[in-house]
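Given next are the chains, with one letter for each unit.
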Amino acid sequence: MRRSKILGLPAIYFLALIAGFPNGFVLPLLTNIHHEITRSYLYIALGEASFIFSIAFTGVVWGFILDWVENKERVLLADLELMAICILLVSIASDAWQYLLLRFLTGFFTSAIFAYIIILLSVEYQPGERIKTFLHFSALTSFFVGLGSGVAFFMSMIYYWRWIIRFYSLILGNMSKNCLVLLLCAFFLCHHAIIIGS
């Protein structure tokens, strides 16, 4: 059976990359987020808990949406664009409540990836292949979480943490092929907001 591709990559690899990198990228930056935004480890913990909670429980919403629409890949790419914008907005968050809301929304948009992979497995894979492929996807996602953390850790030695998040959101948004201009505009607006606010 012919397997799906997204932007030229086999769908399973593309989805593992997109599900893993956003989860791992923020982890080395939590100390900076603590010092400049939340000023409390409780809010850091709540932000990450809201991210995980929204991934776990809002995937059902995306399951209904993806069942209802015909062009699932287009919905996934629009979701990727919205996820990139939420990640970008984390870089201009100024208080703990903004951070909590943005982490929840990032998790909400990330959960669409998991809903899509379940639909993909049920349509394109035979019953005996599904568990093996899902485990393969899970292992790849874990690898990309670690890779995202490593990249962010080394970049944080050189660059200001807010610029790292903006850079990553631009790359992520550009993968959707739809929003480079939108993200560039948002990027510069965020930059000016920080200059005016400081």
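Above this note sits the structure.
Residues numbered from 1 in each chain as written. Predicted model: local features only at pLDDT ≥ 70, side-chain atom pairs only at ≥ 80, totals over all residues. Heavy atoms only, no water.

Look at helix α6 (residues 96-124) against helix α7 (residues 127-156): their axes get within 10 Å of each other, and the N-to-C directions meet at 150°. With respect to their mutual orientation, α6 and α7 come out roughly antiparallel. The interaxial crossing formed by α6 with α7 has right-handed handedness. Residues F114, I117, I118, L121 and S122 of α6 form the contact with α7, whose own contacting residues are R130, T133, F134 and F137. (Axes fitted to C-alpha atoms, helices over the stretch in contact; angles between N-to-C directions. Helix = DSSP H or I, 4+ residues; strand = E, 2+ residues; numbered from the N terminus. Parallel < 35°, antiparallel > 145°, perpendicular 65-115°, else oblique. Left-handed = near helix turned anticlockwise from the far one by under 90°. Contact = heavy atoms within 4.5 Å.)

Bringing the nonpolar core into the picture now. Counting residues in hydrophobic clusters, the biggest one holds 51 residues, and the most contacted among them are L15, I33, M83 and L172. Breaking this core down by element, the ones donating at least two residues are α1 (11-25), α2 (30-38), α4 (59-68), α5 (72-90), α6, α7 and α8 (161-174). With 12 residues, α6 is the largest single contributor of residues to this core. Sequence-distant contacts of M83, defined by excluding residues within four places in its chain, comprise I18, P22, T106, F109, T110, I113 and L172. (Core = buried A, V, L, I, M, F, W, Y, C linked by side-chain atoms within 4.5 Å. Buried < 20%, exposed > 50% of the residue type's maximum accessible area, 1.4 Å probe, protein only.)

What follows covers the packing of α2 against helix α3 (residues 41-57). Two numbers describe how α2 lies on α3: the axes approach to 9 Å, and their chain directions differ by 115°. In this structure, α2 crosses over α3, and the sense of that crossing is right-handed. From α2, L30, I33, H34 and T38 reach across to α3, where they touch Y41, Y43, I44 and E48. A breakdown of the residues in the contact of α2 with α3 according to their chemical character gives five nonpolar, two polar and one charged. (Nonpolar A, V, L, I, M, F, W, Y, C, P; charged D, E, K, R; others polar.)

Such coordinate-based values are descriptive only and should not be taken to indicate function.
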